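Structure at a glance
Listed below are the residues making up each chain.
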Number of protein chains: 2
Amino acid sequence: MKKLAIGVDIGGINTAFGLVDDEGTLYAEYVISTKKYPHFGDYPQYVADLCAAMKTMIGSVSFDFELVGIGIGAPNANYHAGTIEAPANLWKFTDADTDRDESRRIFHLAADIEREFPGTKVLMTNDANAATIGEMVYGNAKEMKDFIMITLGTGLGSGFVANGELVYGHDGFAGEFGHVVVERGGRQCGCGRRGCLEAYVSATGIKRTAFELMATMTEPSELRDIAFKDFDSAMISAAAEKGDPIALEAFRYTGEMLGRALADAVTITSPEAIFLFGGLAKAGKKIFDPTQWYMEENMMAVFKNKVKLLPSGIEGKNAAILGASALIWQNMK
Amino acid sequence: MKKLAIGVDIGGINTAFGLVDDEGTLYAEYVISTKKYPHFGDYPQYVADLCAAMKTMIGSVSFDFELVGIGIGAPNANYHAGTIEAPANLWKFTDADTDRDESRRIFHLAADIEREFPGTKVLMTNDANAATIGEMVYGNAKEMKDFIMITLGTGLGSGFVANGELVYGHDGFAGEFGHVVVERGGRQCGCGRRGCLEAYVSATGIKRTAFELMATMTEPSELRDIAFKDFDSAMISAAAEKGDPIALEAFRYTGEMLGRALADAVTITSPEAIFLFGGLAKAGKKIFDPTQWYMEENMMAVFKNKVKLLPSGIEGKNAAILGASALIWQNMK
């Protein structure tokens, strides 16, 4: 009988999920709202509605199959415990809550789903780790034992693979490369500290860079017509295509910050390749070229010209679902 | 029959080796000179003499045993290939050599030794990685799957363990944490770049710090009586014991640089513990306290107060031999 896994991608707005085989073919896809359940107290109903929708999806498939597991990618997910711990944008307290103890915001999602699907393996990790395993199972890292995945979205996520295994770390939260400090006392970061890589290298980071450059450079630029709140990183890409000097410098600077940080990461894990995934990575040469140049420029001699900088092989609208389902296939190896 | 492994520690001055059981008991120990064989062309004779000395050692043991393998810790060792590649202080070219192509300085030591001990497994890694495996097999990391070892000698070496396995990296050279850049454009490093962690945190690094502080501080200090070339890090330890303000500040600054770098390393691999090994680590609270404080101060919230900073459990004069022999026991698991 055909074997299928469910991949679930939990975002702040929507939860998307699908039935996937071990080659990455998607047989069904559903979406429910996540933001319909904003409050701490909404979590049980969210789980009930998610499980019901997954059962509906399973019933919608026209052939018999074996469900081998449910893999979930979610923010703040702890792989070892199967929990989502104090997520910034999910199931929050409001001012009306008298007890706002953050330590209560540990959601045992894997166990809660397993109760509705008895005997089915449920595995969970953060979205960047899920994308990393997707790259191993379906993407360009199929034969690789040592690589680094960098996911460039609103923030910067990462997954490190060593000896053929994802590095989860002792507490299940490893791979927070976006929060390596690259500029002591630098830009404020959402994590509460300063100078983190993701404050420079991400959709938000390059936007901040463009605004800084409008102050430090005097060249004319179409970007000067747009207010901060209306601005997004796609506008920088579009302007760079037309040769806009501020947009081009923003990409060069972003590549410099990323390339330097990657040179340091290479000294630690010495990967065969580094993959760039997500929105900013789609800018192609504009981000790859400076990143590669600064990475090599800052590399320790023993690692020079050895590490490939590559685009992800699982880009596309279903990448997050595929990545989450890959958790199951990887675990069955 | 009792099983024993040989551990070999190749340094620039001497090569020390010994017969060790799986609990770390040393049954015999020998030393030959390394510096007697300084030239590229001396390498074959070095191998012959080392193998002969190992055979003499084996013959000197009064009971029957099975030799299960030979583990080697050496600078610039490539675990995957069993080679020592372009070592800075071993088997060098001299001005008399007409062909000084560094790519010829790849020494296939594992295979060359195996030829003299047919059927015996020979494994090789750099000295810091060997110490890391020693910590896993004989030391304080016996039950740990995720930890970082920092070896503080003339330089700073490291070993990263994730999912119970040492991270060798694609090329076998991973774990060069001493060459993460902590100060952009900072102190010159022996690797040819600037601002590497080891230029600040190592016996050489703290000496450089003490000299910098003699310039920036005005307090009297007994260290002001010693010339740079006569100075070593033990003098800073001794002065700190007596409350010398420059020596104390040198330790605080060293701990600050190490603590910050470790906070970044934790975001990548999220270890259960970090071990400090070697000369500087013997300064105890003087180095552990500031390192711990700055590590926590700079730590991302999710990792705060989770990571133990611990002394190594394999300190002592035979640590390097034990670490090298541990390669064999670890490989048999």
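Here the structure is shown first, and the text comes after it.
To keep things clear, this report deals only with the structure shown in the data block. (Residues numbered from 1 in each chain as written. Chains lettered and ligands numbered in written order. Predicted model: local features only at pLDDT ≥ 70, side-chain atom pairs only at ≥ 80, totals over all residues.)

**Notes on the sheet that holds strand 12 (residues 273-277) of chain A**
Residue and element names in this part refer to chain A. Heads up, the condition is: Here the rule is simple: two strands pair whenever DSSP picks up at least two bridges between them. Counting from the N terminus, the helices are the DSSP runs of H or I reaching at least four residues and the strands are the DSSP runs of E reaching at least two. A pair of residues counts as a contact when their C-beta atoms, built from backbone coordinates, are within 7 Å of each other. Throughout, an axis means a line fitted to C-alpha atoms (over the contacting stretch in the case of helices), and angles, computed between N-to-C directions, take values from 0 to 180 degrees.
Read from one edge to the other, the open sheet built from five strands follows the order 11-10-9-12-13, with strand pairing classed as mixed. Whereas interior strands pair on both sides, the edge strands pair on one side only; in this sheet they are strand 11 (165-166) and strand 13 (308-311). Bridge analysis of strand 10 (residues 156-162) against strand 11 gives two bridges, and the strand direction is antiparallel. Across the sheet, residue Ala162 finds its bridge partner in strand 11, namely Glu165. In the packing of helix 3 (residues 127-137) onto the sheet, the strands contacted are strand 9 (147-152), strand 10, strand 11 and strand 12, and the crossing angle to strand 10 comes to about 45°.

**Some remarks on the packing of helix 5 (residues 233-241) of chain B against helix 6 (residues 245-269) of chain B**
Residues and elements named next belong to chain B. Note the threshold: The cut-offs work like this: below 35 degrees is roughly parallel, past 145 is roughly antiparallel, 65 to 115 is roughly perpendicular, and the gaps in between are oblique. Crossing handedness follows the turn of the near helix against the far one: under a right angle anticlockwise gives a left-handed crossing, and clockwise gives a right-handed one.
At a closest axis distance of 7 Å, the pairing of helix 5 and helix 6 adopts a crossing angle of 115°. Accordingly, the angle class assigned to the pair helix 5 and helix 6 is roughly perpendicular. Classified by chirality, the crossing of helix 6 by helix 5 is left-handed. Contacts between helix 5 and helix 6 involve Ile236, Ala239 and Ala240 from the first element and Ala247, Leu248, Ala250 and Phe251 from the second.

**As for the pairing of strand 10 (residues 156-162) of chain B**
All names here are of chain B. Heads up, the rule is: Exposure classification rests on a simple neighbour count of other C-beta atoms within 10 Å of a residue's own: a residue reaching 20 or more is buried, one at 12 or fewer is exposed, and one in between is partly exposed. C-beta atoms are placed from the backbone.
Counting buried residues along strand 10, seven of its seven residues qualify, which places the element largely inside the surrounding structure. Both strand 9 (residues 147-152) and strand 10 contribute to a ladder of six bridges, which runs antiparallel. Residue pairing in the sheet places Met149 in a bridge with Gly159 of strand 10. The turn linking strand 9 back onto strand 10 is made up of three residues.

Interpretation note: all reported values are geometric properties and have no functional meaning in isolation.
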